[in-house]
Structures are given as C-alpha cells and as structure tokens.
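One letter stands for each residue in the lines below.
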Amino acid sequence: MPLSNLNEEQLSAATCPSGYNLIIASAGTGKTSTIVGRIANLINSGVKPNEILLLTFTNKAAAEMVQRVAKFFGKDIAKQIMAGTFHSVSYKLLKELNVNITLKQPSELKTLFRSVYEKRVFYERQEDVNPYDGGYLYDMYSLFLNSNEGEDFATWIKNKNPDHELYTMIYEDVVDEFNQLKLKYGYANFDDLLTIMLTTLEEKEFDFKEILVDEYQDTNPLQGRLLDAFKPKSLFCVGDYDQSIYAFNGSDIGIISTFAKRYNDAEVFTLRKNYRSTKPILDLATKVIEHNERVYEKKLEVIRTESEYKPKLLAFNELFNQYHYISELISKSSTPHEEIAIIYRNNSSADGIETNLREYNIPAKRKGGMSFFDSVEIKFIIDILVMQISHNDMMAFIHVIEHGKGIGKAIAKDIFDALIKLGQGDLLEGLFHPDQNIKNPYETGRIKNVQLGLFDDFIELGSISKFKDCNFEEGFLSNPILKHPKLNVDGAKFLYDFYLLMKHLRRTKNPSTLVKSITSSMIYSKIKEFLSTKRATQKDGTVNPMQKTKSLARLNRKVLLLINLSKNFNDLSKFINSMILGGGEMSEGEGVNLLSIHASKGLEFKEVYVIDLMDGRFPNRKLMSKGGSIEEERRLFYVAVTRAKDILYLSYAKYDKIKKLTFVASPFLHEAGLIKEEKEEDSL
C-alpha cells in the first residue's frame with residue numbers, strides 16, 4: 001500500500017487528522033508520495049473517491065498521482081477523484097452544471113482585446129507618459145484578475161502607476177467592451193474559468209470532504225479566494241516557500257507564509273529527508289537560499305551517500321564559447337540525453353545553445369518557450385476544428401482568415417461581422433447562402449464617442465469585378481463579402497479556399513479524419529508554403545533552400561504529432577478542450593531537455609547545466625525593476641539547482657561579442673562560494 005512506503009515524517013503528514021494541514025515539502029523530499037499516501041488514507045478511512053478534490057499545478061502531475069492511486073485501488077475508484085489544475089477542475093465542474101463556455105487560449109483572447117483597443121484614439125495625453133499598448137494592457141488586466149484584493153481595475157492601475165490615471169477611463173471601457181464580447185460569444189480563458197467558478201460557488205456548494213493542493217506556494221489571491229469559496233471541511237496543502245517562483249503571474253508567497261494564522265487549529269508538518277540530490281548539490285542550494293528570510297524553519301537531511309561529483313563552475317571569456325563548450329561536454333557525456341537538462345533564466349539563452357547542440361548532432365527538445373498549440377501551423381488546424389463545433393466562433397474565424405495575403409485581423413473581423421449579417425446570425429449561411437437583399441454588409445452604425453476614443457468607420461464598398469477571372473464558383477462570386485474595398489485578389493482566393501474546405505468538412509465530425517482533411521487541403525498547403533519560406537528567409541531577403549526544407553520537415557512533424565493525438569479521441573469537443581487545457585505542458589521531440597526554470601519545475605535529471613549566470617541575466621534585473629525581487633530570483637536559482645540529482649554545472653560568460661556587452665558573474669555564484677571576491681575563476 002502507498003502508506004507502507006512512507007518514512008516517519010511523510011506518514012505522520014499523510015495520516016494526520018482532518019482539518020487545516022500544511023506540509024512544507026522541499027525539493028526531493030517525496031511530496032508526491034505523501035499526497036498519494038494521504039489520498040490512500042482518506043479512502044481507507046471511508047471517504048468516497050468522488051468526495052476528494054486534488055488541485056495540482058499541471059494536469060500531468062494530477063494524472064500521475066491518480067495513476068499511482070489506481071495501482072492500489074483500481075482505475076474505477078481512482079478516476080472518480082476530481083483532479084487537475086484550478087483551471088481544468090473549474091472547467092469540469094462548470095460543464096457538469098451545463099454552464100455554456102467556449103474555452104480559448106489566453107493568446108486568442110489577447111487578439112480580441114487588441115482588436116477592441118485598436119479602435120481607440122488617445123487624444124488627451126500626459127507629457128512623457130504614453131498609454132499602455134493593447135497587448136500590455138491585456139496582460140495587466142490578467143494580472144489584476146489574479147492578484148487584486150477587491151479594488152476595481154481603475155483603482156488598481158492607479159495604485160500600480162499613478163501616471164496612467166488620465167487613461168483609466170479608456171482602459172476601463174476597453175475592458176468592459178472586451179467582457180461584453182466574451183459574454184456574447186460565450187468565450188472564456190483561464191482567468192475567466194476561475195472568476196466564473198467563483199461566482200457559481202456563491203449559489204452552488206460541492207460536497208468535497210477534503211481538498212488537497214499541490215505547489216501551494218504558487219497560489220495567487222484569485223485561487224486563494226476560490227479555495228475558500230469551496231468551504232473546505234478539510235485542507236491538505238503541500239508546498240515549499242523556497243520554490244515560490246510565479247510572482248509575475250500574481251502568485252503571493254504570503255498565502256503559504258500566513259497559513260497558520262489564517263486557519264484556526266492549523267497544523268504544519270515538515271518533510272526534511274531529501275532523496276533526490278547528492279550532498280554537494282544540496283549544500284550549494286541551501287547556502288544560497290538561506291540568504292532569503294526563513295518563513296518556516298527547516299533543515300534538510302541528505303539521504304543519498306554518494307558524493308562523486310561536486311558542482312562545477314565554468315567561466316568563459318565569450319558568450320558563445322560557453323554554448324560551444326557545453327555542447328562538447330554533452331557530446332562526450334555517458335549520461336543518456338533524456339537524463340540531461342540545460343536550464344536557463346531567459347528564453348533568449350535557448351537559441352544559442354540549441355544551435356550549438358545541432359552542430360554536434362545532439363537532439364534536443366525545448367519546453368518553456370512558445371507552446372506547441374501557439375505555433376501558427378497547429379493553431380490554424382485547431383481553429384478550423386473549433387469552427388466545426390461552433391461555426392460562429394469569431395476568434396477562430398479571425399485567426400484563420402487573417403493569414404490571407406493583404407487581409408489581417410481588422411479586415412478578417414469586418415468579414416466575420418458581414419457574414420453574420422448576411423446569414424441572419426449564422427456564419428455558414430452567410431458564406432453559402434447570403435441574403436442578397438443586404439446591399440452593404442459592412443455598415444456598422446457605431447456610435448461616435450470622442451471621450452472614449454471611438455470614431456465612425458463607415459466602409460465605402462468596392463467592386464467585385466476585379467475577381468471575375470478567378471474561376472470562383474458562382475455561389476461564391478456573388479457573395480457581398482467580396483465588396484470589401486481593401487480585399488485584393490490573393491485575399492479573395494484565400495477566402496475561396498476557406499469556402500471550399502468548410503464545404504468539404506461538413507461530411508464528418510471524427511477528430512482524426514478532420515485533422516487529416518485540413519492538413520491535406522489547398523488552404524493548408526498555402527499556410528505551409530508561407531511559413532516555411534518566412535522561416536528560411538535570411539537578413540538579405542533571400543531564401544535558404546536547405547533551411548526551408550528543414551522548416552517544412554519540422555512543420556510536418558508537428559502535424560503528425562497532432563494527428564496521433566487526435567486518434568485517442570472520438571469526440572471532437574473533448575479533443576479540442578483537452579488540447580487547450582493541456583497544451584502548455586507539451587514539449588516536442590526527444591533528446592537533451594532545454595528548459596526555462598519555470599518549465600523545469602517538478603522535474604529531475606541526472607546531469608544539469610544552469611547557464612548564463614551573469615548579473616543582469618540571472619538575476620534578471622530588468623524584470624526586478626518591473627516589480628520582481630532579488631528574493632524571487634534567488635528562489636529561481638534554488639529551483640534550477642535542485643533539479644540535479646548527480647552532476648551539476650554552473651556557467652557564465654564575461655563578454656558577448658555580438659551585442660558588445662560586458663558581464664560580471666551572478667551574485668548567486670558569490671553566495672554559493674564558487675567565486676571569491678578578490679579573484680574569479682580562470683576562464684575558458
């Protein structure tokens with residue numbers, strides 16, 4: 001049984017009485033085993049599996065814990081546990097209550113937000129203070145939702161930056177219009193799932209006997225309010241304040257540090273035995289992290305007795321010498337590639353190291369940059385699939401049509417609105433059977449409001465005669481959408497390819513068949529040609545044929561991966577939602593792991609390289625100036641170092657010859673005792 005494998009501290013925590021329990025679990029102390037042991041103890045004590053709610057930082061972590069429970073209690077019992085991230089659990093519960101939601105990636109709704117923002121003109125401006133751009137304002141609004149303490153958005157903005165008070169009326173109106181559009185189309189991003197769930201819990205109560213929370217240190221105020229709204233009869237929260245690294249996303253270390261004060265009769269347990277890293281690695285990590293204030297006292301005990309390798313510092317005279325040397329070290333290493341990780345603070349570091357690994361023919365997979373589902377070639381397919389379920393989906397339509405030459409987001413939005421009007425509220429009707437009585441489908445009737453930056457944008461119609469030689473079907477050629485004055489021949493041909501594809505796809509709803517049909521269509525061949533050419537275009541404007549071939553091969557591999565994923569689903573809606581909720585956790589390919597520190601969290605590797613440890617890059621002074629802190633940067637260093645089980649390399653460079661920048665070593669290397677103040681290491 002899971003409980004028989006626990007040490008004394010883990011067992012004490014896993015079998016503690018119901019109530020408000022906090023378990024401080026440092027890196028490598030077996031927190032997953034303790035959580036699984038706790039679930040086993042609950043089931044053995046008579047708690048029904050469907051009365052257990054398990055909240056984790058990733059859906060992958062939740063699935064792994066449920067699988068471990070299934071080994072002892074069987075799949076039928078384990079699958080009854082409600083498990084997943086705050087977002088995925090909220091989505092499941094809202095679906096159970098038949099709440100109408102069309103789930104969207106944050107990047108998709110950022111596009112919608114920008115389209116609303118770009119209608120505004122800031123006539124009144126404060127000297128030396130420019131308004132936030134649309135993308136940044138969207139990010140600010142997301143941070144507000146996750147971190148506010150009850151104040152309204154305008155007040156929150158003014159508290160963050162008083163210089164923007166003049167613009168808050170337009171900011172608020174953009175947010176209001178954005179929220180109205182989301183409501184109109186039933187859109188929800190990850191933030192919305194939590195706010196909708198919070199509102200739902202004011203009227204609906206779920207009978208969970210205990211709620212377990214993993215990675216509790218990264219809970220943000222919105223998640224904290226949601227947790228309390230469930231009115232938990234018993235809480236089992238597991239976390240480590242030294243690994244709180246999501247302040248940029250609104251997480252608040254104060255939530256874990258005040259646990260014992262906020263809950264009556266709270267109990268705090270500490271797991272001290274580290275099973276992951278050797279003593280030299282753990283000693284180094286501890287030496288640095290102890291410069292941060294101690295929230296709960298803890299002193300780790302190293303269980304592993306081997307200490308064959310001591311952490312090694314690599315110092316380089318030039319930045320790219322660092323990447324070259326590390327690639328050479330890995331080429332000679334006996335450690336399997338899958339057991340090696342290169343960890344960096346900034347995603348820009350990944351490009352240099354990835355290029356050098358390629359020179360040594362070392363395969364690598366990268367996680368922590370752009371999500372698999374944020375890549376244009378995959379997003380395009382997903383958006384077409386979304387339109388098979390909800391063909392009036394504005395965002396999916398815009399994301400598909402904007403790729404037509406000369407179209408872009410603004411014209412795509414005009415065409416969407418026109419098709420809805422021509423189809424009397426149905427986009428496909430507007431596409432296939434438009435109402436010919438509507439002479440100008442592009443007339444908006446928008447109300448002018450100078451104070452809110454809104455102005456008339458009446459469109460004067462163009463002629464469709466320019467498309468008469470395009471060999472369009474008569475049904476398409478007569479559609480009034482072709483009268484948009486800015487629509488060119490290439491854009492119209494792209495629209496026609498979309499028209500033909502949507503016509504063809506009406507025959508099936510099977511996910512795998514649909515993906516194959518989309519990827520073999522004329523419109524997708526144009527997308528592939530455009531992307532592979534763009535990615536192979538050099539600075540002088542010429543196209544590198546070899547690079548284009550490689551780019552096309554990578555693109556086709558992604559398509560194949562999506563086809564294989566789709567084979568696991570018969571229901572299209574479940575396939576799409578699974579891809580959106582779990583997309584950020586995927587990495588492509590195989591080989592050496594290239595990871596941002598945030599993406600490395602929860603993972604462990606035999607051999608680890610933490611690179612670019614220069615002051616300014618790590619700690620990242622730029623992010624610190626925007627509200628970060630040296631304490632958080634130090635926690636990031638602690639997380640990176642504690643991913644290593646056996647072998648740890650720390651590296652930095654003194655100069656970047658391309659950008660002509662001079663660097664000094666990270667203060668964390670000084671704190672670790674690897675660099676003496678008077679004399680630095682010899683450089684390679």
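These numbers come from a predicted model, not from an experiment.

Details of the pairing of strand E15 (residues 605-610)
- Among the 6 residues that make up E15, 5 are buried, leaving the element largely enclosed by the rest of the structure.
- Bridge count for strand E12 (residues 340-344) against E15 is 4 bridges, and the pairing is parallel. Each residue of the ladder has a partner; that of Ala-341, found in E15, is Val-608.
- Bridging between E15 and strand E16 (residues 644-653) involves 5 bridges; their strand directions are parallel. By the bridge assignment, Glu-607 is partnered in E16 with Ile-647.

Section: the pattern of salt bridges
- For the structure on display, the rule yields 38 salt bridges.
- Its salt-bridge partner being Asp-214, residue Lys-31 comes within 2.9 Å of it at the nearest N-O pair. Residue Lys-31 is found in helix H2 (residues 31-44), and its partner Asp-214 is found in the loop between strand E6 (210-213) and helix H11 (221-229); the two are separated by 183 residues along the sequence.
- Close ionic contact of Asp-242 with Arg-294 constitutes a salt bridge, the shortest N to O distance being 2.8 Å. On the criterion of sequence distance, the pair formed by Asp-242 in the loop between strand E7 (235-239) and helix H12 (253-257) and Arg-294 in the loop between helix H14 (279-289) and strand E10 (301-302) is long-range, its members being 52 residues apart.
- With a relative accessible area of 2%, Asp-242 lands in the buried category.
- Salt bridges sharing partners connect three or more residues here, namely Lys-31, Asp-214, Glu-215, Asp-218 and Lys-601.

Structural notes on unusual backbone geometry
- In this model, Phe-618 is joined to Pro-619 through a cis peptide bond whose omega is 10°.
- By the element assignment, Pro-619 lies in the loop between E15 and helix H28 (621-625).
- Here Glu-215, not a glycine, exhibits a phi torsion of approximately 50°, which is positive.
- Taking the relative accessible area as the measure of exposure, Glu-215 reaches 12% and is therefore buried.
- Unlike most non-glycine residues, Asn-471 shows phi in positive territory, near 60°.
- One can find Asn-471 in the loop between helix H20 (427-432) and helix H21 (474-477).

Section: the nonpolar core
- Counting 127 residues, the largest nonpolar core has Tyr-216, Leu-385 and Phe-498 as its most contacted members.
- Take this core: its biggest share by element is 9 residues, from helix H22 (residues 489-505).
- When residues no more than four places from it in sequence are discounted, the contact partners of Leu-385 are Leu-514, Val-515, Ile-518, Leu-572, Phe-575 and Ile-576.
- In this structure, Phe-316, Phe-637, Ala-640 and Phe-668 belong to the second largest nonpolar core, which totals 57 residues.

Section: the sheet that holds strand E1 (residues 20-25)
- The sheet built from 6 strands is open, its strands ordered E3-E2-E6-E7-E1-E8 with parallel pairing. Edge positions in the sheet fall to strand E3 (82-84) and strand E8 (267-271), since each of these pairs with one other strand and no more. Shown here is a sheet whose adjacent strand axes are inclined to one another by a mean of 10°, direction ignored.
- Direction of pairing for E1 relative to E7: parallel, over a ladder of 5 bridges. Across the sheet, the residue bridging to Ile-23 is Val-238, located in E7.
- Against the sheet, H2 makes contact with E1, strand E2 (52-55), E6, E7 and E8, and its axis sits at roughly 170° relative to E6, the strand it touches most.
- Set on the sheet, helix H5 (residues 86-96) makes contact with E2, E3 and E6; between it and E3 the angle comes to about 140°.

As for the environment of Glu-205
- Position of Glu-205 relative to the elements: it lies in the loop between helix H10 (190-200) and E6.
- Taking the C-alpha atoms as reference points, Glu-205 and Ile-255, 50 residues apart in sequence, are found 24 Å from one another.

As for the domain arrangement of the protein chain
- In terms of domain boundaries, the protein chain breaks down into domain 1 (8-99 + 196-271), domain 2 (103-185), domain 3 (301-369 + 589-672) and domain 4 (374-582).
- The gap between the C-alpha centroids of domain 3 and domain 4 is 41 Å.

Here's the deal with a positive patch on the surface
- Together, Arg-358, Lys-550, Arg-554 and Arg-557 give the surface a local cluster of positive charge.
- Take the positive patch: its biggest share by element is 3 residues, from helix H25 (residues 545-566).
- In this structure, Arg-557 sits in helix H25.

Examining the packing of helix H17 (residues 376-389) against helix H23 (residues 511-519)
- As a packed pair, H17 and H23 sit with axes 10 Å apart at the nearest point and diverge in direction by 125°. In terms of their interaxial angle, H17 and H23 are classed as oblique. Seen along the crossing, H17 lies across H23 with a hand that is right-handed. Residues Ile-381, Ile-384, Leu-385 and Gln-388 of H17 form the contact with H23, whose participating residues are Leu-514, Val-515, Ile-518 and Thr-519.

Focus on the sheet that holds strand E11 (residues 312-316)
- With parallel pairing, 6 strands are arranged side by side in an open sheet as E11-E16-E15-E12-E14-E13. Sheet topology places E11 and strand E13 (364-367) at the edges, where each strand pairs with a single neighbour. The sheet shows a mean angle of 20° between the axes of neighbouring strands, direction not considered.

Some points on the packing of H5 against H10
- In the contact formed by H5 and H10, the axes pass within 9 Å of each other and the chain directions differ by 55°. Considering their axes alone, H5 and H10 lie oblique with respect to each other. Considering the relative orientation of H5 and H10, their crossing is left-handed. Only Phe-190, Leu-193, Leu-194, Ile-196, Met-197 and Thr-200 of H10 make contact with H5, whose side of the interface consists of Phe-86, His-87, Ser-90, Tyr-91, Leu-93 and Leu-94.

Examining the packing of aromatic side chains
- Under the definition given, this model contains 39 aromatic pairs.
- Between Tyr-185 and Tyr-187 the ring centres are 5.6 Å apart and the planes differ by 20°, which places this aromatic pair in the stacked class.
- When the ring of Phe-472 is compared with that of Phe-476, the centres are 5.1 Å apart and the planes differ by 90°; the resulting orientation is edge-to-face.
- On the basis of relative accessibility, which here comes to 11%, the residue Phe-472 falls in the buried class.

Side note on the side chain of Thr-519
- Mapped onto the fold, Thr-519 is located in helix H23.
- On the basis of relative accessible area, Thr-519 is assigned to the buried category, the value being 15%.
- For Thr-519, the side chain forms a polar contact with the main-chain oxygen of Lys-516, separated by 3.2 Å.
- Setting aside residues up to four positions removed in sequence, Thr-519 forms contacts with Ile-381, Tyr-524, Val-559 and Ile-563.

Observations regarding the state of the cysteines
- For the coordinates displayed, the defined rule picks out 0 disulfides.
- Between Cys-237, a cysteine without a disulfide, and Cys-16, which holds the nearest cysteine sulfur, the sulfur-to-sulfur distance is 11 Å.

Considerations on the environment of Phe-236
- By secondary structure assignment, the location of Phe-236 is in strand E7.
- C-alpha of Phe-236 to C-alpha of Gly-425: the two residues are 189 residues apart in sequence and 49 Å apart in space.
- Setting aside residues up to four positions removed in sequence, Phe-236 forms contacts with Ala-13, Ala-14, Cys-16, Asn-21, Ile-23, Thr-34, Arg-38, Glu-210, Ile-211, Leu-212 and Val-213.

Calculation criteria
- Residues numbered from 1 in each chain as written.
- Predicted model: local features only at pLDDT ≥ 70, side-chain atom pairs only at ≥ 80, totals over all residues.
- Heavy atoms only, no water.
- Buried < 20%, exposed > 50% of the residue type's maximum accessible area, 1.4 Å probe, protein only.
- Helix = DSSP H or I, 4+ residues; strand = E, 2+ residues; numbered from the N terminus.
- Pairing = 2+ DSSP bridges.
- Salt bridge = Lys/Arg side-chain N within 4 Å of Asp/Glu carboxyl O.
- Core = buried A, V, L, I, M, F, W, Y, C linked by side-chain atoms within 4.5 Å.
- Contact = heavy atoms within 4.5 Å.
- Axes fitted to C-alpha atoms, helices over the stretch in contact; angles between N-to-C directions.
- Domains from an automatic or database assignment.
- Patch = residues over 30% accessible without salt bridge, like charges linked within 9 Å, V, L, I, M, F, W, Y side chains within 5 Å.
- Areas by Shrake-Rupley, 256 points an atom, 1.4 Å probe, with all protein chains shown as cover.
- Lys, Arg positive; Asp, Glu negative; His and termini not counted.
- Charge placed at Lys NZ, Arg CZ, Asp CG, Glu CD.
- Parallel < 35°, antiparallel > 145°, perpendicular 65-115°, else oblique.
- Left-handed = near helix turned anticlockwise from the far one by under 90°.
- Phe/Tyr/Trp six-rings, centres within 6.5 Å; stacked < 30°, edge-to-face > 60°.
- Polar contact = N/O pair within 3.5 Å; in protein donor to acceptor, adjacent residues only side chain to side chain.
- Disulfide = S-S within 2.5 Å.

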